[in-house]
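# Report on the structure
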Amino acid sequence: MSSFGVGGKVVDKVDLCRKKQWACRLDIWPFAILYAIWLTKITDLTDATMAFGGLVVASHILVLLFTAWSVDFKCFVQFSKVTSINQADACKVTPAKFSGPKQVVPLHSRSQEIFFDFRKQRFVYSKELDAFSKLPYPTKETFGHYLTCTGHDTEAKVGAASEKWGRNVFDYPQPTFRKLMKENCMEPFFVFQVFSVGLWCLDSFWYYSVFTKFMLLVLESTMSKGRLKMLTELRRVRVNSQAVIAYRCKRWVRLLGTDLLPGDVVSIGRPLTQTGGEDKTVPADMLLLAGSAIVNEAILTGDSTPQWKVPVAGQGSDKKLSIKRDKNHRVTANTWESGLFILFLVVFAVIAAGYVLVKGLEDPTRSKYKLLLGCTVIITSVIPPEFPMELSVAVNTSLVALSRLGIFCTEPFRIPYAGKVDLCCFDKTGTLTSDDIEFRGVAGLYDSEEAETDMSKVPLRTLEILASCHALVFVDNKLVGDPLEKAALKGIDWSYKSDEKALPRRENGNSVQIMQRYHFASHLKRMSVIVCIQQEYFVFAKGAPDTIQDRLVDRYTRQGSRVLALAFKRLPDMMASEARDMERDAVESDLTFAGFAVFNCPIRSDSATVLLELKNSSHDLVMITGDQALTACHVASQVHIVSNPVLILGQSRTGDEYEWVSPDEKEIVPYSDKEIESLAETHDLCIGGDSFEMLQATSAVLRVIPFVKVFARVAPQQKELILTTFKAVGRETLMCGDGTNDAGALKQAHVGVALLNATPPFSQVPIEPVSKTAIQNGEGSSKRIITPQNRQFTAAELQRQRLKKMMDKLNNGDGDGRSAPLVKLGDASMASPFTAKHASVAPVTDIIRQGRSTLVTTLQMFKVLGLNCLATAYVLSVMHLDVGVFASAFFLFLSHARPLQTLSAERPHPSIFSLYLFLSLLGQFAVNITFLIYSVKEAEKHMPEECIEPDTTFDPNLVNTVSYMVRMMLQVATFAVNYTGHPFNQSIRENKPLFYALIAGAGFFTVIASDMFRDLNDSLKLVPLPKGMRDKFLLWALLMFIICYSWERLLRWGFAGKIPSWKHKQRSITANLEKKKML
């Protein structure tokens, strides 16, 4: 078997192969024969011999380069397929869709185990399954196994585990400048330019060629240096290895975190901050066997709220560990388009070169070497040597503009993608809404449908539940935990002490002592505590009211509020030890309802405005959140994501069938995956994470997900699935989120925007002086002392100092926005191409605005390149002149066009290959080539007796004078006609440098054509034009410009940019899936 299907998130398929002997490789033995033949003929240095030698060398270099550019070609040339894994020494790995390019990796064999490493993951061959799978880890054993584990008790076991799993280190390889330079210099664009420069050196253009090559090397060096600096900055964002105590070989030893192995038993303690110790960084995912821990998992989840972890003791020794269920115990620019477009231009250049070749071969006196060289120069003139630099300037201009706005970009090539985006996806909590939770009140206790906000009217038992049923904890005399629980404590006016005792501030109740906590479990959707009140034991519980069908629950969740159900029960008299040993199932049964706690999560002030602007600028909007469906739908309606009646997909109450239900339950539609498209035309659809398994089981993912507007209760893996599905049906996606739980979706999106949520906008920095009451109640640091020096500052001065400190921290001392933004572990920016230094979605519009500007500018450059190339191919077939100075200046000013502040409903054309661009090029080329041909023919009429000698020194005449003038005028007209201003960029009048450059170009053409300054024309070696021809020539030039301008404006009116149609592709994909099922 030569091919293995892996079918994972990383690897899709593995093909076995074996490296050929060097003498059998197709990049060696054929060329060895050709070199030998050439050496036998080298004594006779004819033009044919030189051409043959050059062709062989160029072909060999091209084959070697293709082995670096294409993995499939490399396997064809250097490897042979094998059917047995014992014969293979390498394998070609095909990643899963949207997971990067193919790679050839070596196969390793060790201890009767065959494996390969791919992207920091190891895949092991199983003889029983005859397949590759990821290296297994001991994560599926029973709790009894872990509780009795004694670690690696012998050196042999330590060595075996070390050999199997390796070191506990993730080392991001730091490339050298030489390696990066080599990668850049092997890019097809650069190789083509170097080849062209070499040819021009042979054609007496050595001074221009050397300068061009120098510019190319400087550009590539600058890009390599910048990339190296960026990678160096990213390498600094890592956790330093700390020493831990591990039980190895039946004794406790001190080890570095990088030396830990799966199966080790580790003891971790937190040093006292008073002694200068630092917080412990947990160096691996760990299962808590004994004791408790408070951890900050921002590096993993993006949630800065500290989490309380409890041991697995008492969970049942026969119960198996589940990573998802038991997390509370666990501490944890399209190059192909460019290539095809250039290939399209090469065809015309080949036609022009072929014409020169045929005409040249008719003359037996011409040098075949010079003739072939001239034809090659015509073909290579397709791409100006400065073109890659001009494209880079367009992208770098946007990079600088984004950095001034506080937006950090690690993948500049994605900037043009932002201009193509037609679908914007947003996380809700912390992105569209604020992190600040407001306690609204308690509902469900009385007949009133309104939440009770007066806590004096709320039963004391309900207040006691809110005051004690939580996971808040003191760290360094500071109360930390879930903002929702802190908001509840503040809302009911109770305090919480470090001895786990809750007290009413107004002394109208009894203290509540927490005896035992049963922490929140995602699969149970609830938490509970056992408390002691005046020698009586109670169970207090709270959780999600999803299963409680009450009109009050629906009412408040439909208003965007978060609702928690509260309950309690009294326990019989027992000892404290007996209360602590109770099973959770027994504790959380037979509870008495105590009301609904209602919380508000306010929408950010600018979220609705920003999303409305995106919607009005031809973008579809989608919300992807982990919150409840009703809450998500309400927020979506507030920020313009949904505007039609909403239907939520859920399981029917009467059976296992699924149905669409409106939030008020007045409309119910049976679920059918074949009617989704028609349903989505009249309703906005919402599905929850619970429905994903049903969609995957029925293979309806591609039918349903592309039409959904709101995704609720989704896990990080499901967010990733949503983005890959949108991409599969042809959508250009943008994902905006905060936290690493969005990292998978941010990476899968064409444009990922991470918000550094810890950094609020500067205008919203709160100034909260710490009161004496707050210190006494443990809500502030007890060590803060207000000194006389602090009292002498006014509130305004304190605010200015705080703002200045924040600005310095964010910009690292550089306030102009050009420095790299603050990037820390736990920020989604580690997996996101764009990172914004704002807790606001406003940077999304800035990125799209710059993306559209860059995309429009890039397409303009390709368009102008096409027209200039076609004209150049014809001109070079008549003469060899270059007026590239004007074109370079125009390209430079073109790339500096600034985007408009308002996003327009009209969209830029996303691709080079569009009907608009094709018709525009065809029409303008027809006019340009007509102008060229008639001008040259007119010049030939006035010099019928002259004969141009080939391969001689340059001699001014009427033909090359007219060719020079025509080409210069065509360049000026091409830039003026094809410049795209409103509604994306500045108009041509607002882009002052380009406007003045075009005026200067047109004026210069008029001056030399009218022969106003004879000395100037003599210095340019231009002969005078006959008077009748001069007037006709200027009239033709004006007529050519008017026709091209009118044609371009007509096409822009007829082919206005719109959201690309994706439904046809979606139908095609689903139809193919149906056919595969039937086979």
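Thresholds applied
Residues numbered from 1 in each chain as written. Predicted model: local features only at pLDDT ≥ 70, side-chain atom pairs only at ≥ 80, totals over all residues. Heavy atoms only, no water. UniProt positions renumbered as here; feature names shortened; annotations may be inferred. Helix = DSSP H or I, 4+ residues; strand = E, 2+ residues; numbered from the N terminus. Buried < 20%, exposed > 50% of the residue type's maximum accessible area, 1.4 Å probe, protein only. Areas by Shrake-Rupley, 256 points an atom, 1.4 Å probe, with all protein chains shown as cover. Phe/Tyr/Trp six-rings, centres within 6.5 Å; stacked < 30°, edge-to-face > 60°. Axes fitted to C-alpha atoms, helices over the stretch in contact; angles between N-to-C directions. Parallel < 35°, antiparallel > 145°, perpendicular 65-115°, else oblique. Left-handed = near helix turned anticlockwise from the far one by under 90°. Contact = heavy atoms within 4.5 Å. Nonpolar A, V, L, I, M, F, W, Y, C, P; charged D, E, K, R; others polar. Core = buried A, V, L, I, M, F, W, Y, C linked by side-chain atoms within 4.5 Å. Pairing = 2+ DSSP bridges. Polar contact = N/O pair within 3.5 Å; in protein donor to acceptor, adjacent residues only side chain to side chain. Disulfide = S-S within 2.5 Å.

The name that an unreviewed UniProt entry assigns to the chain is Cation-transporting ATPase, with the source organism given as Eutrema salsugineum. Under the UniProt heading Subcellular location (unreviewed entry), the entry covering the chain gives this text: "Membrane". As recorded by UniProt, the Sequence similarities (unreviewed entry) comment attached to the chain reads in full: "Belongs to the cation transport ATPase (P-type) (TC 3.A.3) family. Type V subfamily."

## A short note on the overall build of the chain
The number of helices and strands found in the chain is 36 helices and 37 strands. Classification of the 1079 residues of the chain by burial places 46% in the buried group. About 53,900 Å² of surface is accessible on the chain, with carbon and sulfur atoms providing 58% of the total.

## So, the packing of aromatic side chains
Scanning the entire structure with this criterion turns up 19 aromatic pairs. For the pair Y137 and W165, a centre-to-centre distance of 5.9 Å together with 25 degrees between the ring planes defines the contact as stacked. Placement of Y137 in the loop between β9 (131-134) and α4 (143-147) and of W165 in helix α5 (residues 155-165) is noted, with a sequence separation of 28 residues between them. Here Y137 falls in the partly exposed class, since its relative accessible area comes to 45%.

## Concerning the packing of helix α31 (residues 915-941) against helix α32 (residues 958-978)
Following both chains from N to C, one finds α31 and α32 inclined at 160 degrees, their axes separated by 9 Å at the closest point. Considering their axes alone, α31 and α32 lie roughly antiparallel with respect to each other. Handedness of the crossing formed by α31 with α32: right-handed. Only L958, V959, V962, S963, V966, L970, T974, V977 and N978 of α32 make contact with α31, whose side of the interface consists of S920, Q924, N928, F931, L932, S935, V936, A939 and E940. A breakdown of the residues in the contact of α31 with α32 according to their chemical character gives ten nonpolar, seven polar and one charged.

## Some words on the nonpolar core
Ranked by size, the top nonpolar core spans 42 residues in total, and within it F426, L611, L614, I641, L734, V751 and F834 carry the most contacts. Take this core: its biggest share by element is six residues, from helix α20 (residues 629-638). Ignoring anything within four residues of it in the chain, the contact list for L734 reads V421, L423, C424, C425, A749, V751, V753, V844 and I848. In terms of nonpolar packing, the next biggest core, distinct from the first, is built from 40 residues, V927, F931, M965 and L1025 among them.

## Looking at the sheet that holds strand β22 (residues 494-496)
On the basis of which strands lie adjacent, the open sheet formed by eight strands has the order β19-β28-β27-β26-β25-β24-β23-β22 and antiparallel pairing. Where the open sheet ends on each side, the last strands, each with one partner, are β19 (438-443) and β22. The average angle at which neighbouring strand axes cross in this sheet is 30 degrees, direction not considered. When strand β25 (residues 526-533) meets strand β26 (residues 536-543), the two strands line up antiparallel, connected through eight bridges. Paired with S528 across the two strands is A541, which belongs to β26.

## Examining the sheet that holds strand β8 (residues 121-126)
Spatial strand order, β6-β7-β8-β9: four strands in an open sheet with antiparallel pairing. A single partner strand is all that each edge strand has here, and the edge strands are β6 (108-110) and β9. Sheet twist, expressed as the mean angle between neighbouring strand axes with direction ignored, is 35 degrees.

## A word on the side chain of H619
Within the element layout of this structure, H619 appears in the loop between α19 (607-616) and β29 (620-624). A distance of 3.3 Å separates a polar side-chain atom of H619 from the backbone oxygen of V421. At 3.0 Å, the side chain of H619 forms a polar contact with the side chain of S617.

## Focus: unusual backbone geometry
Trans is the common state for peptide bonds, and a negative phi is the common state for residues other than glycine. Put simply, H982 and P983 share a cis peptide bond, and its omega is 10 degrees. Mapped onto the fold, P983 is located in the loop between α32 and α33 (992-1010). With a phi angle near 65 degrees, K120 is a residue other than glycine that sits in the positive phi range. With respect to the helices, strands and loops of the structure, K120 is situated in the loop between β7 (113-118) and β8. Note on K120: relative accessible area 54%, which makes it exposed. If you check the backbone angles, C249 has positive phi at about 50 degrees while not being a glycine. Following the sequence through the fold, C249 ends up in the loop between β10 (243-248) and β11 (251-256).

## Things to note about the state of the cysteines
Under the defined criterion, the tally for this structure stands at zero disulfides. Unpaired in this structure, C17 has its nearest cysteine sulfur neighbour in C75, at a distance of 5.0 Å. Assessed through its relative accessible area of 5%, C17 is described here as buried.

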